[in-house]
Structure formats: C-alpha cells, structure tokens
Amino acid sequence: MPTPETSKPPGESSALRLRVLLPLPLAGAYDYRADPELGLKPGDFVDVPLGRRRAIGVVWDPEKKAGEPVAEAKLRDVIGRRAVPPLPAEMRRFIDWVSAYTLSPPGAVLRMAMSVPEAFDLPRPVLACRLSEAAPHPDTTDPGELRLTAARRRVLRELGTGPPRPLAELALAAAVGPGVVRGLVDMGWIEMVEVAKPRALWPDGAQKGPDLSAEQRAAAEALVGRLGQGFSVTLVDGVTGSGKTEVYFEAIAANIRAGKQSLVLLPEIALGAQWLSRFEQRFGAPPAVWHSEISLAQRRRTWREVAEGTLPVIVGARSALFLPFAKLGLIVVDEEHEAAFKQEDGVIYHARDMAVVRARHAAVPAVLVSATPSLETVINVERGRYTSVHLADRHAGASLPEIQTIDLRKAPPPRNTFLSPKLREAVAETLARGEQAMLFLNRRGYAPLTLCRTCGHRLNCPACTAWLVEHRRTGKLQCHHCGYTAPVPRACPSCGDDDSFVPCGPGVERVAEEAVALFPQARTAIVTSDTMTGPRAAEDFLSRMAGSEIDLLVGTQIVAKGHHFPRLTLVGVVDADLGLAGGDLRAAERTYQLLHQVAGRAGRAERPGRALLQTYMPEHPVMQALVALSRAPEARDRFLQTEAEERRRHGWPPFGRLAAIVVAGPDVAVVDRVARDLGRSAPSGNGIETLGPAPAPLSILRGRHRRRLLVKASREANLQAAIDSWLSGIRVPSNVRLQVDIDPYSFL
Ligand code: ADP
Ligand code: ZN
C-alpha cells in the first residue's frame, strides 16, 4: 500500500501532509496536515475541519503529478481517525474511475460509498442484567429488612445463574414493570454488563440445493469454476423459467464456503419478495438487503458488517454497488437488460456496467443474468470480452408459451373498449378452466389523456410539458413526470362547460373496468407501482396469486418480470405497439425484451401457456420475432442481429458512444443562450460530432426549460476528455443546471 506523501519542507515541523477526499461535490481532495503519531494510511476514515464545520472524509492516495501545493501555513489538522475498517484500495480506484467516466466530482461518488454517516460512530454497547455477588437467594426467608417483595423474588429467580439478559426482556419474563428491575440495580443486587450483540443467522453455503438438471449443472459448474480466478464476465443466458436463479445460487454457495462476500443486484429490490423467500429456503437464512426503504438501524449495521467482511451475501438495488466490501468474491446482476439499473440523477451511471468495472477492480467474477440480454452484452460476448452459458429448456419440461398476434386492423375491439373479441374469448376459456389470466398494459391510471368534449381543451401539468393522467382509484389527476396531483375539475377551465371531460385511451384502470364488466364472476386485481408500494404489498399480492385468490390480473411492467405464477396460463398484451413510438434508439430492443418477459410469465409449470399480442403492426420485426419464439428460440438472436446491423450502420451504441447534455433552468432565455454557447463550441472532428441543441421532448419539467445536445463518438475517440475540455470553457450561470449523461438511456 502506498504511504501518504511526506512533504517536509526544510526546517518545518514533522507533520505529514495528506489528501482527504470529502463526500461532497468538490473538484477534488483537500490537503490537510496530520500528526504522524496518528499513523494514517490511505483509506482511513478521518474527521477534519471544513470551514466552521467538521466533516468525515477518507485519506486519499497521493496524486501522481501534484499541482501547486496549498501553502503550509493554510493547512489545517486532521482531527482524528474513525474506528472503522479503511476503504480498500480497490474501492478507491473504483471511485476514481467512476468519477472520471461519468464526469462527476469524485466526492459525489464517494458520498454513495459513505451513505450512512451513522455507521462511523461506535456501535452503542448492548447492556444486560446479571446477578451481583450481593444478591440474596430468591428463596431466602426475609424477616422484613431485606425488602424481598414477591415481584423482586420473581426477578431474581428469573435471572438465576443464566446468561445476562436485557432489562426489558427480563422484566417481561418476570412479569414486573421495568421499574422493579431498575430498583434492584439501584440496590446493587443486579449489575449492568456489556454483552456482545447477538450474532445473526448467516446464510449457509453448505446447505444442499435442489438437484440440478444436466444443463443447469454444467452452467453452475462454469460459474463456480470462475470463483477465485480473477476478473471475468459471464452471461447466464437462459429462457424464462429455466432455473437461472438456482444456477447462480450455486455460485453464491461456493463463494460463501470460500469465505468471500457476494453481491446480487436486482432491478427492483423493494419488490423482490419472491426472490428473498427462495433465497432463505435455499440458504437457511435471509441475505442482507440494501435499498432506500430499509431502516436506519439496519443500514448502519449492514454497512459496518459489509466493511468488516462478515456479511456473506448482500442483495440490493444499484446503490449496493458502492458498499465498501472487505472480501468481495462475486457480483451477480440479475435481469441485466433492465433499464432500472440506470441511475438518472445525481451521479448518472448504469449499475450493470459499473458492476463489471467494480468486478475488474476487485479482480472477481461478474455474472450477468437474463432471458433477454441487452444488445450491449450480446455484442460483448460476440467480441469475446464476455463468455456465456446457456439454458435452453424450462425447468421440469415446462414449454415456452405459444405467442400469437391479434391484428387490431382486422378484428378491432368494439367502440370505446380495448379488448378484442379474440382476446375476450381466450380470457373466458382460461377462466373456465380454473386457470389465471393476465392483461398487460404498461400504463398506470385510467386514461393517459383527458379532454373537454366541448372545446377540446386538454388537461396539462402546470409544471411540465405533459398531460395529466386520471387515476380513478384515488380520484385525482396526476403528472407522471413530476408527481403533481389535482382533483378532476368539474368544469372545463377553458370553456367553463360542466362535466364535459372525456377520457382518451386506456390505462390499466380502464382495462380492469372493462374486464370486470365482461367477467363479473372473476376476481380481478390491478397491480401497478401505485398499488405495489413496498415489500409488504408485494408479499401480499404474491400470496394472493399463489393462493388462487386472484383469477384475472391487470398490471403494468411491475408484474411482468421475474415472478413465478404456476397457475397463470394466459397473458394478453393490450397494446403491444406502445413502446415502439418515439425516436428512442432502443425502442425496438426494449419492446422486445418487455413483451418477451411478459409472455414468459405464462405456462411456467405443468400447464402450457399462451400469450396474445394486440397490435396494429403484426408484420413489425419485434412481433415477428416474438411469434417465432416458441417454435424457434433462435428467433431472438436473429432479431438481435438485425438490431445490431441497424445500430452498426448508424454508429449507435454499442458500435459508437453517446453522451447527452441537458441544459435546464427556469429562465428560457438564459437556458437558450447557454445551449447556443454550448452548440457553438461543441466538439467535432476526430470521430466526434454533436447534435443540437434542441428542445427536449419534455421541454419543460418541474418548471424548468430543457435543451438537449447529443454527442456522438466513435469507440476509439476519447469522449470524456472532449466533453471535459468543452464544458470547462463554458460559463454557466447559477440558475442553470448542466447535466452530463454518459451512455444515455433516456432521451426525454
Ligand atoms: P429463471 O430465473 O430462469 O426464470 P427460476 O430460477 O425462477 O428460473 O426457476 C423457475 C422455477 O423452477 C422456480 O420455481 C425454481 O425454484 C424451479 N426450479 C428451477 N430449477 C430447479 C431444480 N433444479 N429443481 C427444482 N426446482 C427448480
Ligand atoms: Zn408535471
């Protein structure tokens, strides 16, 4: 490990000068002076003065080529070191790397690794009660002066010669108030002692998993074989229901046995209830979870145990990637194609890509898992940078669902309804057989647009260029971009006509309304992010599905992924064309992935499944590929090849690189001026070109005007360097925000 720079100007004190990175969006680390007695090394967490405050930072490594050093006289002293394990060198390199790649200040990246400031305080000691030497025997006869009441005797008896017990627990067991126990402490009969915090039950790597099929075993062995062998990336590419989870569980088990930590990233961990219960069954104890909804006490404890290297398995959302693992041995990214892995604000990064980078810095294997891998990953396999293992069969011989299109031009739904006769019939048949059906529409609320019948006025968000969506469940209008809500007005704000609003187009609530009218005897449930608000709601829903309390499910993408519903045999996609509109370069790929995943919910057990796609474009390559799927699984790869050709021709990712610059601010004239300045000095040549500025499709968001520029570069060009030098030459007023998004996935 490198030692901190020891710049000792002649004749000066023997204090060390070192760099401390603070978890703040500053340009870089700050210099401080430290007493050599402290023995500080890079990675140590330290308290330092910052202005009139005090901050916790990390001793950073000396700079390779230092700039002008801060004058000795201006240096302030490090206050002291925190009693937590130092941030490992591989983590410091990772933070520097992410900072350089995303063009974010290093301190902003460090902040993600130090997200629980409370974890730096010493854990509060746990105190427990123990009988002291002075305590009388509980059965001692007491003529009076001992004041041995019945309650006190019970406490003494309860405590006996057993191990120390927490006060509250003891009082409960002895059926006395806590005051009785405290009285005994005051009398010196009971003493309080510090005890070690109870050790949690850890996942057990030696516990046996299910018997794997030959195909699954080969895949598992390939993953296990990469453990301890340095950096590698392996794609587990297997059809929905093929047992990919069971396969990577084997690698986790082996990693636990090797005494190493495993990190599993899931796209929507708050909803991973089914995953968690499977894990617990397989390993005899739950993993530690990491996402925005866990309690502070849990975060604090988890952070420390990750840093101490004691926690064997963490499952989390993208932010778990920045936990300071002491003994990382494996990273798994499940559903690696998911857009939810892209963090869209603050430090903008793609957790799947950064997981690979993290694995490289830690010299451990990364495992990417999907039934519909992203084109980026598929091309990396083709280029030989990643290897892949395949699972071609569904577990226990279940077959892939039969996918068919319903041509809405030929057999449209009756006026003002959204389910075509064919789909209605299929639902009726499924319900009659006592099986479950799902209607899928990726649109929350009742209707995406509400307008006045009299004057045509549309209800818009006051803060965004977006329509308000009516939600009948809550009786409100909602902006899906900024969260604005308002009651539905009685009269049109434009023409004043009463009750003149009509809904246009369907949302899930409207589809459910139609379904209930058509199938009144079926038990129908709507599931969206509005109803599935957390782990508890998710668990509740899953148990109702498993217990056959739901016959007909109407849902958005939230139910489309990962879940295993053995009795679900029909999936009806209400609007298969929905994701294809708009100019997003990944529209076709994403639509394919989503519909493939949704269809994959059907027929995962003994009974065969069927998926029906309502579309106006049955000839579209996405629909064609899906229809071919059940007969010819290679249809997926053919579709990806066509997509790849298209992207290669235009130099889009992964054959070229992109960065999006968004200029936003409340004053449209200022925003336009900054955008024009940027446009004039934009990088061009040497494999780089810049498009724009142009108004963003969401040209006003939360009251801020937005302009976009898109930088397109060849894979060889140094995109970051070009952007860095470009932006450093632009003066940005304080009421304008410049956001840089490397490898953008959102073009709104
Ligand atoms: P995938 O992640 O590929 O969609 P899963 O791992 O969820 O597939 O497996 C689908 C279902 O089959 C799950 O209920 C899983 O427990 C079960 N399963 C898969 N492989 C086995 C096996 N070898 N033995 C028993 N059950 C299995
Ligand atoms: Zn809005």
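Residues numbered from 1 in each chain as written. Chains lettered and ligands numbered in written order. Predicted model: local features only at pLDDT ≥ 70, side-chain atom pairs only at ≥ 80, totals over all residues. Heavy atoms only, no water.

### Observations regarding the overall build of the protein chain
To keep things clear, this is the line we draw: By definition, any uninterrupted DSSP run of H or I lasting at least four residues is a helix, any uninterrupted run of E lasting at least two residues is a strand, and each is numbered from the N terminus. Atoms counted for the radius of gyration: C-alpha only. Globule rule: 2.2 Å times residue count to the power 0.38. When checking whether two residues touch, look at their non-hydrogen atoms; a contact exists if any pair is within 4.5 Å. Per-residue and other accessible areas were derived by the Shrake-Rupley procedure at a 1.4 Å probe size, with only the shown protein chains allowed to occlude residues. None of His or the chain ends enter the tally, which takes Lys and Arg as positive and Asp and Glu as negative. Working definition for charges: the position is that of NZ of Lys, CZ of Arg, CG of Asp or CD of Glu.
On a plain count of helices and strands, the protein chain comes out with 19 helices and 31 strands. Taken over the C-alpha trace, the protein chain has a radius of gyration of 30 Å; the compact-globule value for 748 residues is 27 Å, and the two agree within 12%. Across its three principal directions, the C-alpha atoms of the protein chain cover 95 × 75 × 65 Å. Considering only contacts within the protein chain whose residues lie at least 6 apart along the sequence, 75% involve residues at least 24 apart. Surface exposure of the protein chain reaches about 33500 Å², of which carbon and sulfur atoms provide 52%. Here the protein chain contributes 94 positive and 83 negative side-chain charges, whose respective centroids are spaced 2 Å apart.

### Regarding helix α14 (residues 535–546)
Residues three or four positions apart in an α-helix share a direction because the helix packs 3.6 residues into each turn. Stated precisely, the cut-off is as follows: By this rule, a helix spans an expected 1.5 Å times one less than how many residues it contains. Burial status follows relative accessibility: with a 1.4 Å probe on protein chains alone, a residue under 20% of its type maximum counts as buried, one over 50% as exposed, and anything between as partly exposed. Note that the arc is computed from the directions linking the helix axis to the C-beta atoms.
Relative to the 16 Å expected for twelve residues at 1.5 Å per residue, α14 spans 16 Å between its end C-alpha atoms, a close match to the ideal helical length. Every buried residue of α14 is listed here: Ala538, Phe541, Leu542 and Met545. Angular distribution of buried residues about the axis of α14 spans 100 degrees; they occupy a single face of the element. Turned more than 90 degrees from where α14 packs its buried face, Arg536 and Glu539 sit exposed. Contact partners of the buried residues in α14: α8 (273–283), β18 (436–440), β24 (524–527), β25 (552–555) and β26 (568–573).

### Some points on the nonpolar core
The condition that has to hold: By nonpolar core is meant a set of buried Ala, Val, Leu, Ile, Met, Phe, Trp, Tyr and Cys residues that side-chain atoms within 4.5 Å join together.
Counting residues in each nonpolar core, the largest one holds 105 residues, and the members touching the most others are Tyr248, Trp303, Ile314 and Ile723. Of the residues forming this core, the biggest block, eight residues, is contributed by helix α7 (residues 244–257). For Ile314, the residues in contact, after removing those within four places along its chain, are Ser262, Leu263, Val264, Ala288, Trp290, Thr302, Val306, Ala320, Leu323 and Phe325. Counting 36 residues, the second-largest nonpolar core is a separate cluster that includes Phe541, Ile550, Ile558 and Leu595.

### Re the site of ligand 1
We count it as follows: Whether a residue is near a molecule or strand depends on its heavy atoms: it is near if one of them lies within 4 Å of it. Polar contact is the term for a pair of N or O atoms within 3.5 Å; when the atoms are in protein, one must be able to donate a hydrogen and the other to accept it, and sequence-neighboring residues count only if both atoms are side-chain atoms. Residues are sorted three ways: Asp, Glu, Lys and Arg are charged, Ala, Val, Leu, Ile, Met, Phe, Trp, Tyr, Cys and Pro are nonpolar, and all the rest, Gly among them, are polar.
Contacts to ligand 1 come from 16 residues, most closely from Asp211, Gln216, Gly241, Lys244 and Arg278. Interatomic distance of 2.7 Å between a backbone N/O atom of Gly241 and an oxygen atom of ligand 1. With respect to ligand 1, the side chain of His564 contributes an N or O atom lying 3.5 Å from an oxygen atom. Here ligand 1, which alone exposes 550 Å², has 81% of that area covered by the protein. It is α7 that provides the largest number of residues to the shell around ligand 1, a total of three residues. By residue class, the composition of the shell around ligand 1 is three nonpolar, eight polar and five charged.

### So, the coordination of the zinc ion (ligand 2)
Stated precisely, the cut-off is as follows: Counted as coordinating are nitrogen, oxygen and sulfur atoms within 2.8 Å of the metal, or 3.2 Å for Na, K and Ca, while water is not included, which may make sites look incomplete. Under this scheme a four-donor centre is tetrahedral when all angles range from 85 to 135 degrees, a four-donor centre is square planar and a six-donor centre octahedral when opposite donors are above 155 degrees with the rest from 65 to 115, and any other centre is irregular.
Protein ligation of the zinc ion (ligand 2) involves Cys461 (SG), Cys464 (SG), Cys479 (SG) and Cys482 (SG), the donor distances falling in the range 2.3 to 2.4 Å. Geometry at the zinc ion (ligand 2) is tetrahedral, judged from the four donor atoms that bind it and their angles of 106 to 116 degrees at the metal. Between consecutive donor residues of the zinc ion (ligand 2), the sequence gaps follow C-x2-C-x14-C-x2-C.

### Section: the pattern of salt bridges
Opposite charge on two side chains permits pairing when their charged atoms draw close. Our working definition: Any carboxyl oxygen of Asp or Glu within 4 Å of a side-chain nitrogen of Lys or Arg constitutes a salt bridge here.
As enumerated under the stated definition, the model contains 48 salt bridges in all. Between Arg81 and Asp44 there is a salt bridge whose closest N-O contact spans 3.1 Å. Of the two residues, Arg81 is situated in strand β5 (residues 80–81) and Asp44 in the loop between β2 (30–34) and β3 (45–50); the sequence distance between them amounts to 37 residues. With relative accessibility at 40%, the residue Arg81 sits in the partly exposed group. Glu308 is the salt-bridge partner of Arg304, the closest N and O atoms lying 3.7 Å from each other. Here Glu308 and Arg304 lie together in helix α9 (residues 296–308), a separation of four residues that amounts to about one turn. Salt bridges here are not isolated pairs; linked through shared partners, they connect Asp47, Arg54, Arg82 and Asp121.

### Focus: the packing of α7 against α8
Where we set the bar: In this analysis, axes come from line fits to C-alpha atoms, helices being fitted only over the stretch in contact, and the angle between any two N-to-C directions falls in the range 0 to 180 degrees. By definition in this entry, angles of less than 35 degrees are roughly parallel, angles greater than 145 are roughly antiparallel, angles of 65 to 115 are roughly perpendicular, and the rest are oblique. Crossings are classed by handedness, with left-handed meaning an anticlockwise turn of the near helix from the far one by less than a right angle and right-handed meaning a clockwise turn.
Where α7 meets α8, the axes come as close as 11 Å, and the angle between the chain directions of the two elements is 50 degrees. Classed by the angle they form, the pair α7 and α8 counts as oblique. Judged by the sense of rotation from one axis to the other, the crossing of α7 with α8 is right-handed. Together, Thr245, Glu246, Tyr248, Phe249, Glu250, Ile252, Ala253 and Ile256 of α7 and Trp275, Arg278, Phe279, Arg282 and Phe283 of α8 make up the contact between the two elements. Considering only residue class, the contact of α7 with α8 consists of eight nonpolar, one polar and four charged.

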